[in-house]
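Understanding the architecture of this molecule
Okay, here's what each chain looks like letter by letter:
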Amino acid sequence: MEQSRQCMLCPRRCGAERKIQNGFCGGGSLPKVARAALHFWEEPVISGEEGSGTVFFSGCPLQCVFCQNHDISSGNFGQEISIERLAEIFLELQEQGANNINLVTGTHYVPQIIAALDLVRGKLQIPVVYNSSGYETLETLRILEGYVDIYLPDLKYLDSKRSLRYSNAADYPQTATAAILEMFRQVGAVQYDERGMLKKGLIVRHMVMPGGVEDSVNILRWVAENLPLDDILISIMSQYTPFHRSADFPEIHRRLTEKEYDAVLDALDELDIENGFCQELSSASEEYTPSFRLEGVLKKEGIPVKATIQQVIDRFIDEYCEKMGWQRIWQPVLVGIADAENPGFAELRKLVIEDHQLPHEALPSAKTVISYFLPFIPEVPNSNIGEVMPSEPWAKAYEYTNKMAADLNIHLIEWVKDQGYEAANPAAAMLGEPYLRSRWSQRHVARLAGLGTFGVNNMLITEKGCCGRAYSVVTSLPLTADEAMQEEACLYKRNRSCLLCVKRCPIGALTVEGFDRLKCHLHLESNGEKTSNGATVCGKCLVGMPCSFKRP
């Protein structure tokens with residue numbers, strides 16, 4: 001079906017023209033997915049032993065302050081894919097033995113979901129589950145009729161003050177209750193297959209929140225008064241965990257108490273609601289929040305995913321800095337891709353060192369090399385202008401970057417493995433005298449991956465300048481390689497108009513004729529004895545230059 005120009009799919013009715021701008025939900029014109037994998041933590045009649053084939057869509061129309069999946073709901077992490085790829089994912093999950101296709105928070109992509117389901121009509125033999133916050137318009141639900149077998153909505157609030165405070169949606173109670181009645185009208189009474197797995201019907205979910213017992217009891221009462229209890233299932237959840245922005249709301253920045261949960265379970269008994277599920281109070285754990293690293297999203301045959309890799313890296317850096325209590329000192333990452341068969345790798349045995357490692361030596365199945373450059377924020381290089389000794393922020397930046405990048409490479413390798421491919425970390429340690437070179441030159445690899453060209457200072461000049469650090473992993477992931485840049489970025493190499501890097505070298509190791517590597521090395525070692533963290537750095541030939549933060 002064709003999506004109208006002004007989006008009215010959810011109750012926000014933001015009117016965004018999603019071909020040119022994202023909606024309130026964060027969605028654009030293509031479906032954005034953060035995870036597509038078997039999931040074992042849904043209700044038993046949904047997950048079973050084989051797992052539910054969950055497709056987690058990025059973005060969300062509701063935006064609850066306590067969202068457990070906030071990385072994708074408000075952070076909008078994910079990969080945009082084609083409708084054809086979404087259809088393929090449905091079939092891939094079916095092939096993996098999924099009991100159903102579980103569409104998690106798909107409201108804002110309903111037209112795309114319907115188009116994908118149309119493509120697999122006759123091939124998809126398992127039920128389709130619509131897993132929703134309950135915040136739905138009747139118009140959108142009605143176009144889903146006939147496509148959805150099982151509705152799995154939340155009923156979060158009946159108190160509009162609470163829904164306004166925690167979800168900025170005062171209309172949630174009347175909107176969600178009307179939506180649930182429409183869902184039941186479409187699918188009717190629950191039906192099971194011969195294994196006891198649900199194949200049709202409605203499960204109403206409710207997560208009990210701290211301080212929300214009265215609202216929870218009213219929700220149960222509404223269910224008992226408005227739905228046939230023998231024909232539906234209800235799922236009471238105790239897994240509330242303080243997440244996202246809950247710290248801004250002290251009354252919900254805690255776990256649920258046993259007394260609170262027991263009060264809701266007592267109401268369940270009093271209302272004779274017997275069909276359904278109740279979590280144990282111990283279910284309040286972060287382990288119920290799945291990882292979001294694009295599992296199952298990327299097509300096995302290979303698609304351009306450089307923007308996704310950039311997201312994976314930048315998201316890791318943000319989380320790492322938060323965990324370590326660091327200020328983020330890096331601008332958004334630059335990513336380049338080199339073909340493992342690029343003859344330039346063999347040339348590095350002439351340019352760098354005769355036994356420079358080849359991609360296939362690091363990983364026999366290598367197809368590509370992912371190179372990334374972490375540009376420092378301007379405050380760090382600017383602190384290093386002048387004086388002979390490196391500044392404290394500059395020395396610490398190298399220490400922090402090397403520490404963080406070691407863990408980042410491991411994370412990136414694991415992410416690649418989650419996509420079903422192999423990855424390896426090339427040995428890149430600097431060889432001692434007399435070589436003073438690496439068997440895996442990160443700067444030269446970055447050049448082959450199209451990230452920049454070299455200046456007179458022997459540093460790579462990227463689109464964000466030369467003040468930063470390069471790292472890489474070798475992978476069997478088939479990616480579209482970038483072309484190496486041909487145009488010189490160095491002003492001296494281009495038109496002889498700049499030699500600031502030579503003039504700024506405090507020991508004269510850098511000249512137009514060449515670079516005295518040993519002299520520079522000894523200076524760095526000397527600095528390492530004097531810096532507070534032992535960092536063997538200098539950087540005077542990088543800072544305060546026309547190429548420090550851009551390609552001049």
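Notes on the structure follow. What you see is a predicted model; the values in this text were computed from it and never measured.

1. Overview of the overall build of the protein
Along the protein, the regular secondary structure elements total 18 helices and 16 strands. Along the first, second and third principal axes, the C-alpha atoms of the protein reach 85 × 50 × 40 Å. Residue burial in the protein is summarised as follows: out of 552 residues, 55% are buried. Once local pairs closer than 6 in sequence are excluded, the contacts in the protein between residues at least 24 apart make up 74%. Counting every atom, the protein has about 23,700 Å² of accessible surface; 49% of that belongs to carbon and sulfur. Where the 55 positive side-chain charges of the protein centre and where its 71 negative ones centre are 10 Å apart.

2. Remarks on the nonpolar core
Formed by 135 residues in total, the largest nonpolar core has its most connected members in Phe-66, Phe-90, Leu-202 and Tyr-372. With 11 residues, the single largest contributor to this core is helix α14 (residues 392-418). In this structure Phe-66 touches Tyr-157, Tyr-166, Met-207, Met-209, Tyr-240, Thr-241, Phe-243, His-244 and Ile-252, once residues within four positions along its chain are discounted. With 15 residues, the next largest nonpolar core counts Ala-338, Leu-363, Val-369 and Trp-440 among its residues.

3. Some thoughts on the sheet that holds strand β13 (residues 423-424)
Spatially, 4 strands are ordered β11-β12-β16-β13 in an open sheet, and the strand pairing comes out antiparallel. In this open sheet, the two edge strands, each paired with only one partner strand, are β11 (334-339) and β13. Alignment of β13 against strand β16 (residues 468-475), held across 2 bridges, turns out to be antiparallel. The partner of Ala-423 across the bridge, within β16, is Thr-475. Along the sheet face, helix α10 (residues 306-324) touches β11 and β12 (368-375) and points at about 130° away from the line of β11.

4. Let's talk about the pairing of strand β4 (residues 101-104)
A two-sided burial pattern is seen for β4, the buried positions comprising Ile-101 and Leu-103 on one face and Asn-102 and Val-104 on the other. The pairing of strand β2 (residues 52-57) with β4 spans 4 bridges and is parallel. The residue of β4 that forms the bridge with Val-55 is Leu-103. By the bridge criterion, 4 bridges tie β4 to strand β5 (residues 128-132) in an arrangement that is parallel. Bridge assignment links Asn-102 to a residue of β5, and that residue is Val-129.

5. Looking at the pairing of β16
Within β16, 7 of the 8 residues are buried, which leaves the element mostly enclosed by the surrounding structure. Note that β12 and β16 share 8 bridges and pair antiparallel. Paired with Ile-370 across the strands is Val-473, a residue of β16.

6. Side note on helix α6 (residues 160-167)
Working note: α-helix, 3.6 residues per turn, so residues spaced by three or four point in the same direction. All of the buried residues in α6 are Arg-162, Ser-163, Tyr-166 and Ser-167. Around the axis of α6, the buried residues are gathered within 95° of arc, so they sit on the same side. Looking at the buried side of α6, the elements it contacts are α7 (172-187) and α8 (213-226). Sitting at the amino-terminal end of α6 is Asp-159, which places a side-chain oxygen 2.9 Å from the backbone nitrogen of Lys-161.

7. Here we look at unusual backbone geometry
Backbone geometry at Arg-13 places phi at a positive 45°, although glycine is not the residue there. Relative to the elements of secondary structure, Arg-13 occurs in the segment before β1 (32-39). Judged by its relative accessible area of 41%, Arg-13 is partly exposed. Within the chain, Arg-496 stands out as a residue other than glycine whose phi angle is a positive 60°. Position of Arg-496 relative to the elements: it lies in the loop between α16 (491-495) and α17 (500-504).

8. What to know about the packing of aromatic side chains
A full pass over the atoms with the stated rule returns 14 aromatic pairs. Look at Tyr-166 and Phe-249: their rings are 5.8 Å apart centre to centre, the planes differ by 75°, and that puts the pair in the edge-to-face class. Taken together, the residues Tyr-166 in helix α6 and Phe-249 in the loop between β9 (233-237) and α9 (258-270) connect sequence positions 83 residues apart. The class for Phe-249 is buried, based on a relative accessible area of 9%. Ring pairing ties together the aromatic residues Phe-316, Tyr-320, Trp-326 and Tyr-400, which thus form one cluster. Between the NZ or CZ atom of Arg-315 and the centre of the ring of Phe-77, over which it lies, the distance is 4.5 Å. Against the face of Tyr-492 rests Arg-496, its NZ or CZ located 4.8 Å from the ring centre.

9. Things to note about a negative patch on the surface
Together, Asp-230, Glu-258, Asp-262, Asp-266, Asp-269, Glu-270, Asp-272 and Glu-274 give the surface a local cluster of negative charge. With respect to the element layout, Glu-274 can be found in the loop between α9 and β10 (276-278). The exposure class assigned to Glu-274 is exposed, which follows from its relative accessible area of 69%.

10. What about the side chain of Ser-235?
Examined against the element boundaries, Ser-235 turns out to sit in strand β9. Contact partners of Ser-235, with chain neighbours within four places excluded, come to Glu-43, Ile-203, Val-204, Arg-205, His-206 and Phe-277.

11. Some points on helix α3 (residues 83-95)
Taking 1.5 Å as the rise per residue, α3 with 13 residues should run 18 Å; its terminal C-alpha atoms sit 19 Å apart, in good agreement. Inspection of α3 places Arg-85, Leu-86, Ala-87, Ile-89, Phe-90, Leu-93 and Gln-94 among the buried residues, and these make up the whole buried set. Contact partners of the buried residues in α3: β1, β2, β4 and α4 (110-119). Among the residues trailing α3, Gly-97 stands out with phi positive, at a value near 95°.

12. A look at the pattern of salt bridges
Where side chains of opposite charge bring their charged atoms close, a pairing between them can arise. Following the criterion strictly, the structure yields 26 salt bridges and no others. Residue Arg-205 pairs with Glu-42 through a salt bridge whose shortest N-O separation is 2.4 Å. With Arg-205 in strand β8 (residues 198-207) and Glu-42 in the loop between β1 and α1 (44-47), this residue pair connects regions lying 163 residues apart in the sequence. Each member of the pair Arg-205 and Glu-42 is classed as buried. Across the pair Arg-315 and Glu-319 runs a salt bridge, and its minimum N-O distance is 3.6 Å. Residue Arg-315 and its partner Glu-319 are both found in helix α10; the two are separated by 4 residues, about one turn of the helix. By relative accessible area, which is 18% here, Arg-315 ends up buried. A relative accessible area of 37% means that Glu-319 is categorised as partly exposed.

Parameters and conventions
- Residues numbered from 1 in each chain as written.
- Predicted model: local features only at pLDDT ≥ 70, side-chain atom pairs only at ≥ 80, totals over all residues.
- Heavy atoms only, no water.
- Helix = DSSP H or I, 4+ residues; strand = E, 2+ residues; numbered from the N terminus.
- Buried < 20%, exposed > 50% of the residue type's maximum accessible area, 1.4 Å probe, protein only.
- Contact = heavy atoms within 4.5 Å.
- Areas by Shrake-Rupley, 256 points an atom, 1.4 Å probe, with all protein chains shown as cover.
- Lys, Arg positive; Asp, Glu negative; His and termini not counted.
- Charge placed at Lys NZ, Arg CZ, Asp CG, Glu CD.
- Core = buried A, V, L, I, M, F, W, Y, C linked by side-chain atoms within 4.5 Å.
- Pairing = 2+ DSSP bridges.
- Axes fitted to C-alpha atoms, helices over the stretch in contact; angles between N-to-C directions.
- Arc of directions from axis to C-beta.
- Polar contact = N/O pair within 3.5 Å; in protein donor to acceptor, adjacent residues only side chain to side chain.
- Phe/Tyr/Trp six-rings, centres within 6.5 Å; stacked < 30°, edge-to-face > 60°.
- Lys NZ or Arg CZ within 6 Å of the ring centre and 35° of its normal.
- Patch = residues over 30% accessible without salt bridge, like charges linked within 9 Å, V, L, I, M, F, W, Y side chains within 5 Å.
- Salt bridge = Lys/Arg side-chain N within 4 Å of Asp/Glu carboxyl O.
- Expected span 1.5 Å × (residues − 1).

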